[in-house]
Amino acid sequence: MNPCAFGTKDPIYLEYHDTVWGQPMYDSLQLFKLMALESQHAGLSWLTILKKKASYEQAFYDFDPVKIAKMTEQDIDSLMEFPNIVHNRKKLEAIVNQAKGYFDIEKDYGSFSEFLWSYVNHKPYDLQYEEPSERITVDETATQLSKKLKQYGFKFLGPVTVFSFLEAAGLYNAHLQSCPSNPKNLT
């Protein structure tokens, strides 16, 4: 068992840890998709959302912000019956708000990716964890980014969830130093 993978033995989570989590992501659309999914796991386990990921992709047009931004209250009504997603109306509406905020950020910063990566000076910030017990769940950068996202209408992205996103998207290198999936160990 890899101690970096949060002590899980679930094959879905292990695959996610080994191939996606913490690998630097620069594509604005992929960053938007991951952030939208992160907002859905507030109060739930990440594994719950991972298991529902394909259904979320189907429900939200593979996270195309152009299509999502045009969704109506009636679309959200339909999603309340959509199989295998979390049926929390406010969380579903949050994705629509995030799509609208995405375009405002793109307008103000040139790209969503540029906006996010500016919070870590455009290179992954290595948290340099040696042991799982060293892991933290929030910091000042995540708190500031959460506040800024709220100014753009993003919801369900408090500092802890934003910190989790920064780790997942590889803006923070939160892998243990010895982890085979640590980006530093892949080169």
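It should be emphasised that the depicted structure is a prediction, and the values quoted were computed from it without experimental measurement.

Colleague: Looking at this structure, how should I read the side chain of Q23?
Modeller: Looking at where Q23 falls in the secondary structure, it is placed in the loop between α1 (11-19) and α2 (28-40). Engagement of the side chain of Q23 in a polar contact is seen with the backbone oxygen of S181, the distance being 2.7 Å. Not counting residues up to four positions away in its chain, the partners in contact with Q23 are A168, A169, G170, H175, S181, P183 and L186.

Colleague: What is the right way to look at the packing of helix α8 (residues 140-151) against helix α9 (residues 159-168) in this model?
Modeller: In helix packing, the relevant descriptors are the interaxial angle and the interaxial distance, both defined with respect to the helix axes. Two elements in contact, α8 and α9, have axes whose closest approach is 8 Å; the angle formed by their N-to-C orientations is 110°. Here α8 is positioned roughly perpendicular relative to α9, judged by the angle of their axes. Taking contact as the criterion, the partners of A142, T143, L145, S146 and L149 in α8 are, on α9, P159, V162, F163 and L166. Here the residues of the contact of α8 with α9 are counted per class, giving seven nonpolar, two polar and no charged.

Colleague: Hey, could you run me through the environment of F165 in this one?
Modeller: Residue placement: F165 occurs in helix α9. According to the relative accessible area criterion, F165 is buried, its value standing at 0%. Not counting chain neighbours up to four residues away, the residues in contact with F165 comprise L31, L34, M35, E38 and L116.

Colleague: Can you help me understand the environment of T19 in this one?
Modeller: Along the polypeptide, T19 turns up in helix α1. Assessed through its relative accessible area of 45%, T19 is described here as partly exposed.

Colleague: Where do I start with the UniProt feature "binding site: Zn(2+)" (unreviewed entry) in the chain in this structure?
Modeller: Per the UniProt annotation, the sites labelled "binding site: Zn(2+)" (unreviewed entry) are C4, H17, H175 and C179. Across 176 residues, the annotated set stays spatially compact, with a maximum C-alpha separation of 10.3 Å. Of note, H17 is situated in helix α1. Excluding anything up to four places from it in sequence, H17 contacts N2, C4, A5, H175, C179 and S181. Secondary-structure assignment places H175 in the segment after β2 (172-173). For H175, a relative accessible area of 0% gives the class buried. Within the structure, H175 has its side chain in polar contact with the backbone oxygen of W21 (distance 2.8 Å).

Colleague: Would you explain helix α6 (residues 89-109) in this entry?
Modeller: An α-helix turns once per 3.6 residues; consequently, residues spaced three or four apart project the same way. In this model α6 runs 30 Å from its N-terminal to its C-terminal C-alpha over 21 residues, within 8% of the 30 Å that 1.5 Å per residue would give. Burial in α6 covers these residues: K91, L92, A94, I95, V96, Q98, A99, G101, Y102 and I105. Buried-residue contacts for α6 involve α2, α3 (46-59), α4 (65-69), α5 (73-79), α7 (112-117) and α8. Between the side-chain oxygen of the N-cap and the backbone nitrogen of K90 there are 3.1 Å, and the N-cap of α6 in question is N88. In the segment just after α6, G110 is the residue with positive phi, at about 90°.

Colleague: Explain the packing of α2 against α3 here, please?
Modeller: Interhelical geometry of α2 versus α3 gives an angle of 125° and a closest axis separation of 10 Å. Judged by the angle between their axes, α2 and α3 are oblique. Classified by chirality, the crossing of α3 by α2 is right-handed. Facing K33, L34, L37, E38 and Q40 of α2, the residues of α3 in contact are W46, I49, K53, Y56 and E57. Partitioned by chemical class, the residues of the contact of α2 with α3 number five nonpolar, one polar and four charged.

Reading the values: the criteria
Residues numbered from 1 in each chain as written. Predicted model: local features only at pLDDT ≥ 70, side-chain atom pairs only at ≥ 80, totals over all residues. Heavy atoms only, no water. Helix = DSSP H or I, 4+ residues; strand = E, 2+ residues; numbered from the N terminus. Polar contact = N/O pair within 3.5 Å; in protein donor to acceptor, adjacent residues only side chain to side chain. Contact = heavy atoms within 4.5 Å. Axes fitted to C-alpha atoms, helices over the stretch in contact; angles between N-to-C directions. Parallel < 35°, antiparallel > 145°, perpendicular 65-115°, else oblique. Nonpolar A, V, L, I, M, F, W, Y, C, P; charged D, E, K, R; others polar. Buried < 20%, exposed > 50% of the residue type's maximum accessible area, 1.4 Å probe, protein only. UniProt positions renumbered as here; feature names shortened; annotations may be inferred. Expected span 1.5 Å × (residues − 1). Left-handed = near helix turned anticlockwise from the far one by under 90°.

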